[in-house]
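Understanding the architecture of this molecule
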Amino acid sequence: MANLQIKGIDEALYREIKKMAAAEKRSVSQQVLYLVRNYLAKRPAFDAARSPSEVLLALHGSCQDERSADELIGRIKAARRNSRLHADDF
């Protein structure tokens, strides 16, 4: 089995890992190994996920409509209905 030594780790990060390890009843080494394994197991999903800008670019042109903006606004306004259901409550 290989050994790994980490040098130059930030004190705050080490304290956080140590706190996590204690909460999960692991040694610091076991906790670091757990975190690395967990990250590597989830990495394919992270790599496959598209960034918000990629999602936005994919949507570009997906809602093409031949009607003018004024016509669309008119249709939306015509489809609205005023409700008198709660008019007495105000």
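Notes on the structure follow. (Residues numbered from 1 in each chain as written. Predicted model: local features only at pLDDT ≥ 70, side-chain atom pairs only at ≥ 80, totals over all residues. Heavy atoms only, no water.)

Here we look at the overall build of the protein chain
The cut-off we apply is this: Starting at the N terminus, helices and strands are each numbered in turn, a helix being any DSSP run of H or I of at least four residues and a strand any DSSP run of E of at least two. Think of it in three bands: residues with accessible area under 20% of the maximum for their type are buried, residues over 50% are exposed, and the middle band is partly exposed, with areas taken using a 1.4 Å probe on protein chains only.
Secondary structure summary: the protein chain contains four helices and zero strands in total. Ordered by position from N to C terminus, the α and β elements of the protein chain give α-α-α-α. When each of the 90 residues of the protein chain is scored for burial, the buried share is 3%.

Some thoughts on a nonpolar patch on the surface
Rules: Each patch is assembled from residues with relative accessible area greater than 30% and no salt bridge, linking like charges that lie within 9 Å and nonpolar side chains (Val, Leu, Ile, Met, Phe, Trp, Tyr) that lie within 5 Å. Methods summary: accessible areas were calculated by the Shrake-Rupley approach with a probe of 1.4 Å, and residue burial reflects only the protein chains presented. A pair is scored as a salt bridge if a Lys or Arg side-chain nitrogen falls within 4 Å of a carboxyl oxygen belonging to Asp or Glu.
A grouping of Leu4, Ile6, Ile9, Leu13 and Tyr14 is seen on the molecular surface, where their side chains present a nonpolar patch of about 480 Å² in accessible area. Looking at the element boundaries, Leu13 is found in helix H1 (residues 11-23). With relative accessibility at 44%, the residue Leu13 sits in the partly exposed group.

Examining H1
Quick reminder of the rule: The span you would expect from a helix comes to 1.5 Å times its residue count less one. The definition of a polar contact used here is a pair of N or O atoms within 3.5 Å, where within protein one atom must be able to donate a hydrogen and the other to accept one, and adjacent residues in sequence count solely through side-chain atom pairs.
Between its terminal C-alpha atoms H1 stretches 18 Å, which fits the 18 Å expected from 13 residues at 1.5 Å a residue. Sitting at the amino-terminal end of H1 is Asp10, which places a side-chain oxygen 3.2 Å from the backbone nitrogen of Ala12. Lys25 sits one or two positions beyond H1 and adopts a positive phi of about 55°.

Digging into the pattern of salt bridges
On inspection of all chains with the given rule, the structure shows two salt bridges. The closest approach of N and O atoms between Glu16 and Lys19, which form a salt bridge, is 3.7 Å. One end of the pair, Glu16, and the other, Lys19, are both in helix H1, three residues apart, so they sit about a helical turn from each other. For Glu16, a relative accessible area of 40% puts it in the partly exposed group. Residues Arg26 and Glu24 are paired through a salt bridge, measuring 2.2 Å at the closest nitrogen-oxygen approach. Arg26 sits in the partly exposed class, given a relative accessible area of 27%. Note on Glu24: relative accessible area 37%, which makes it partly exposed.

A word on unusual backbone geometry
Of note in the backbone geometry, Lys25 takes a positive phi value of approximately 55° without being a glycine. Residue position: Lys25 is located in the loop between H1 and helix H2 (28-48).

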